[in-house]
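# Observations on chain architecture
Residues per chain are reported as follows:
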Amino acid sequence: MNIDNAKSQMRKGMLEYCVLLLLRHQPAYASDIIQKLKEAQLLVVEGTLYPLLTRLKNDGLLSYEWQESTQGPPRKYYALTELGESFLEGLDSAWNELTNTVSHLKNKDFIINNNV
C-alpha cells in the first residue's frame, strides 16, 4: 500500500472539518482559507476548495457575502450559518471520539486471544 495515498485520503476526510473550523470565528475569502490551511500543513488547491465551499453553501452550512476589495474585484467571503455551527459541533464531538479511540489504541498493549 502506498503511504502517500493513505495520507491523501486522510486529509480529504478532514478537509471539510478544517474549513469549518477556520470559519468558526470569522468570515474568510477563499484565498485566505487556502493560506491558513497551508500554514497548518494541509495543502489544498483552489480546484479542491471551491467545489467544497459550493457544496457546503448548497447544504446550508455556509453563506457568503461580497465585499469590495482595494486590490481588484469584489471578493466572496464565506461564513458559517447557524446550521453550519450546529454541524461543526457534531463534527467536534465525532473528532473527539475518534482521537480518543486512536489514542487508546496507540497507547495500549493489547493481547489478542486467538483461541479457536
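Small disclaimer: the values here were computed from a predicted structure and weren't measured.

## Regarding the pairing of strand S3 (residues 72-80)
The two faces of the sheet receive side chains in turn, since in a regular strand these alternate between them. Here strand S1 (residues 28-29) runs beside S3; their pairing, made up of two bridges, is antiparallel. Along S3, the bridge assignment pairs Ala 28 with Tyr 78. The pairing of strand S2 (residues 62-69) with S3 spans seven bridges and is antiparallel. Counterpart to Ser 63 in the pairing with S3 is Ala 79. In sequence, S2 turns back onto S3 through a hairpin of two residues.

## Some points on helix H3 (residues 46-58)
Between its first and last C-alpha atoms H3 spans 18 Å; for 13 residues at 1.5 Å apiece the expected length is 18 Å, and the two agree. Restricting attention to buried positions, one finds in H3 the residues Leu 49, Leu 52, Leu 53 and Leu 56. In a view along the axis of H3, the buried residues occupy a sector of 100°, so they form one face of it. Among the exposed residues of H3, those oriented more than 90 degrees off its buried face are Gly 47 and Asn 58. Buried-residue contacts for H3 involve helix H1 (3-23), helix H2 (30-39), S2 and S3. Phi turns positive one or two residues past the end of H3, at Gly 60, with a value near 85°.

Each value, and the rule that gives it
- Residues numbered from 1 in each chain as written.
- Predicted model: local features only at pLDDT ≥ 70, side-chain atom pairs only at ≥ 80, totals over all residues.
- Heavy atoms only, no water.
- Pairing = 2+ DSSP bridges.
- Helix = DSSP H or I, 4+ residues; strand = E, 2+ residues; numbered from the N terminus.
- Expected span 1.5 Å × (residues − 1).
- Buried < 20%, exposed > 50% of the residue type's maximum accessible area, 1.4 Å probe, protein only.
- Arc of directions from axis to C-beta.
- Contact = heavy atoms within 4.5 Å.

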